[in-house]
Amino acid sequence: MKKVVLAYSGGLDTSAIVPWLKENYDCEVVAFVADVGQGADELEGVEAKAKASGASECHVVDLKDVFVKDYIYPTLKTGAIYEGTYLLGTAMARPIIAKAQVEVARKVGADALAHGCTGKGNDQVRFESCYAALAPDLQVIAPWREWSLDSRESLLNYLAERHIPCSASATKIYSRDANAWHISHEGGELEDPWCEPSEQVWTLTQSPEQAPDQPEYVTVAIAAGEIKSINGDQLSPYDCLEVLNQLAAKHGVGRVDIVENRLVGMKSRGCYETPGGTVMMAALQAIDELVLDKASRSWKASLSEQFAQLLYDGRWFTPLKQSVLAGAEALTMRASGDVVLKLYKGQVTAVKKRSPYSLYSEDFATFGADEVYNQQHAEGFIRLFSLPSRIAALQQQGGVDG
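Bear in mind the structure is a predicted one, so any value in this text is a computation, not a measurement.

A few words on the overall build of the chain. A count of helical and extended segments in the chain gives 14 helices and 14 strands. By residue count, 47% of the 402 residues in the chain fall in the buried class. Pairs at least 24 apart in sequence give 73% of the contacts found in the chain among residues at least 6 apart. Accessible surface, the chain: about 20300 Å² in total, of which carbon and sulfur atoms supply 50%. Counting 38 positive and 53 negative side-chain charges, the chain places the averaged centre of each group 2 Å from the other.

Let us look at the side chain of Thr78. Positionally, Thr78 belongs in helix α4 (residues 64-78). Of note is the side chain of Thr78, whose polar atom sits 2.6 Å from the backbone oxygen of Thr75. A distance of 3.2 Å separates a polar side-chain atom of Thr78 from the backbone nitrogen of Ala80. Not counting residues up to four positions away in its chain, the partners in contact with Thr78 are Lys300, Ser304, Phe307, Leu325 and Ala328.

Within the secondary structure layout, Glu189 lies in the loop between β7 (183-186) and β8 (216-223). Comment: no salt bridge for buried Glu189; closest opposite-charge side chain is Arg269, at 7.4 Å. In terms of polar contacts, Glu189 uses its side chain to reach the side chain of Ser198, at 2.7 Å. Look past the residues within four positions of Glu189 in its chain and what remains in contact with it is Tyr174, Cys195, Glu196, Pro197, Ser198, Val201 and Arg269.

Turning our eyes to something else, we now look at the packing of aromatic side chains. Taken as a whole, this structure holds ten aromatic pairs when the rule is applied. Measuring from centroid to centroid gives 5.0 Å for Tyr71 and Trp316, while their planes differ by 25°, and the two rings are stacked. With Tyr71 in helix α4 and Trp316 in the loop between α10 (294-312) and α11 (319-331), the pair connects residues that are 245 residues apart, well separated along the chain. The two residues Tyr71 and Trp316 agree in class, both being buried. Among the aromatic side chains, those forming a connected cluster through ring pairs are Trp20, Tyr25, Trp144 and Trp147. One Lys or Arg, Arg162, reaches over the ring of Tyr158 and ends 3.6 Å from the middle of that ring.

Turning to the layout of surface pockets, a few remarks are in order. Estimated volume of the second largest pocket: approximately 270 Å³. Taken together, 18 residues form the lining of the second largest pocket, with Thr85, Leu87, Val256, Thr278 and Val348 sitting closest to its centre. Sorting the residues of the lining of the second largest pocket by element identifies β11 (255-261), α9 (275-291) and β14 (347-354) as the ones contributing at least two each. When residues in the lining of the second largest pocket are grouped by element, the largest group, four residues, is from α9. Tallied by class, residues from the lining of the second largest pocket come to nine nonpolar, eight polar and one charged.

With that out of the way, let us pick up the nonpolar core. Val5, Phe67, Ile72, Leu88, Val279, Met280 and Leu341 are the most contacted members of the largest nonpolar core, which totals 78 residues. When residues in this core are grouped by element, the largest group, eleven residues, is from helix α5 (residues 89-108). Ile72 has contacts with Phe67, Met92, Trp181 and Leu241, leaving out every residue within four places of it along the chain. Within the second largest apolar cluster, 28 residues are counted, among which are Val4, Leu6, Cys27 and Val46.

The next point concerns the sheet that holds β7. Spatially, β6-β7-β12-β11 is the arrangement adopted by the four strands of the open sheet, whose pairing is antiparallel. Across the chains shown, the open sheet's two edge strands, defined by having one partner strand only, are β6 (175-178) and β11. Averaged over all adjacent pairs, the angle separating strand axes in this sheet is 25°, with direction ignored. In terms of strand pairing, β7 meets strand β12 (residues 267-273) through three bridges, oriented antiparallel. Residue pairing across strands places His185 opposite Cys271, the latter belonging to β12.

On the secondary structure map, Ala224 appears in the loop between β8 and β9 (226-230). Considering only alpha carbons, one finds Ala224 and Ile141, 83 residues apart in sequence, at a separation of 42 Å. The contacts of Ala224, once residues within four sequence positions are left out, are Lys77, Thr332, Met333, Ala335 and Ser336.

We now examine the packing of helix α1 (residues 12-25) against helix α7 (residues 152-161). Close contact between α1 and α7 brings their axes to 10 Å; oriented N to C, the two are set at 55°. Our classification of the angle between α1 and α7 gives oblique. Judged by the twist between their axes, the crossing of α1 over α7 is left-handed. Side by side, α1 and α7 meet where Leu12, Asp13, Ser15, Ala16, Pro19, Trp20 and Glu23 of the first sit next to Arg152, Leu155, Leu156, Tyr158 and Leu159 of the second. Each residue belonging to the contact of α1 with α7 can be placed in one class, and the counts come to eight nonpolar, one polar and three charged.

Moving on, we come to helix α8 (residues 237-250). Spanning 14 residues, α8 covers 20 Å between terminal C-alpha atoms, matching the ideal 20 Å at 1.5 Å per step. Of all the positions in α8, only Tyr238, Cys240, Leu241, Leu244, Asn245, Leu247, Ala248 and Ala249 are classed as buried. For α8, the secondary structure elements touched by its buried residues are α4, β8, β9, α9 and β13 (337-344).

Moving on: the sheet that holds strand β10 (residues 233-234). The strand order β10-β9-β8-β13-β14 describes an open sheet built from five strands, whose pairing is antiparallel. Whereas interior strands pair on both sides, the edge strands pair on one side only; in this sheet they are β10 and β14. Pairing geometry for β8 and β9, over four bridges, is antiparallel. Counterpart to Ile222 in the pairing with β9 is Ile227.

Cut-offs applied
- Residues numbered from 1 in each chain as written.
- Predicted model: local features only at pLDDT ≥ 70, side-chain atom pairs only at ≥ 80, totals over all residues.
- Heavy atoms only, no water.
- Helix = DSSP H or I, 4+ residues; strand = E, 2+ residues; numbered from the N terminus.
- Buried < 20%, exposed > 50% of the residue type's maximum accessible area, 1.4 Å probe, protein only.
- Contact = heavy atoms within 4.5 Å.
- Areas by Shrake-Rupley, 256 points an atom, 1.4 Å probe, with all protein chains shown as cover.
- Lys, Arg positive; Asp, Glu negative; His and termini not counted.
- Charge placed at Lys NZ, Arg CZ, Asp CG, Glu CD.
- Polar contact = N/O pair within 3.5 Å; in protein donor to acceptor, adjacent residues only side chain to side chain.
- Salt bridge = Lys/Arg side-chain N within 4 Å of Asp/Glu carboxyl O.
- Phe/Tyr/Trp six-rings, centres within 6.5 Å; stacked < 30°, edge-to-face > 60°.
- Lys NZ or Arg CZ within 6 Å of the ring centre and 35° of its normal.
- 1 Å grid on protein atoms, 1.4 Å probe; cavity = no way out; pocket = protein on both sides within 12 Å on 5 of 7 lines; lining within 4 Å.
- Points joined across faces, edges and corners; volume = space filled by probe spheres on them.
- Nonpolar A, V, L, I, M, F, W, Y, C, P; charged D, E, K, R; others polar.
- Core = buried A, V, L, I, M, F, W, Y, C linked by side-chain atoms within 4.5 Å.
- Pairing = 2+ DSSP bridges.
- Axes fitted to C-alpha atoms, helices over the stretch in contact; angles between N-to-C directions.
- Parallel < 35°, antiparallel > 145°, perpendicular 65-115°, else oblique.
- Left-handed = near helix turned anticlockwise from the far one by under 90°.
- Expected span 1.5 Å × (residues − 1).

What follows is the structure in structure tokens.
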């Protein structure tokens, strides 16, 4: 092996992986850093860190706009929510990171890919499934499944022995993953599901108790299932998300605390903050209520569950993903309109909604007098609708021959 491209973050794990790869595989290590909106603080000095750890090069690739436009927005069209709660922030970022990593590998002529995912998590499956679909010819190295290092202390000692600088400490309370869509938190007191998260867990949103006492209203314009403007301002997908993140975080919107089923078989507890995404999902659901008939809404719910599962499992680059997304896009062709959402004390509520394709008719739905609906027609409908129950009951009574 001559050259390995490592998905590098600048944290303790990947800082140790760089020299470990060089020592154990006698190879050149090229660091790849994906900017998916994790923030300038996370990226500050990352190139210097990578080279100080022994990387020959460090490629920082700006993926923020593409991430939102080509990964988040399509997922929103499906309405995917994993196990009814999780808005898939970590899972959505993995395919674009893996794809960009493969592109760097091709560019520099690498013959292997490496990542810092643990053998207990979902991400190892997500990354390696994407590698398999995009670059089956490249070898994959997962140090956490090979090396003898098994703790933060051992990693720190490993770096200290090699005089490699690292700002990490021996104690790390939480494991966090951030991008433009969300931030996740695991570890610390969260490992006990009987323990309420302390305020130090949350880093992105204001606590609902400390949020403003006055609600804030935001108007979202949607075209064919895509959010196009916020409060009348036409914005790019990334900028729409950024604006909603700021507005919703101030009001404590988007916090969830769940125990989820990991792909590898175990349960894990995590806290997620997805302020702007929570508002986006609420807006799109409000438009669906207007434009989708009953059968279509039921079918979309099925597609949503399918997409959430395949995305969580790392199956982005598959025919199944293409098929489910095509079905969801067909259902969003008329998902256009405006929604006014109320942000208040951790909650987002769609309080106004309209669409040129709305199936809602006040003439039919009114409780007042109307001239379009003959209530006597309901009698025949009910008799036919309940006919199976009527026949079964009559058979039990002996009134109808079997």
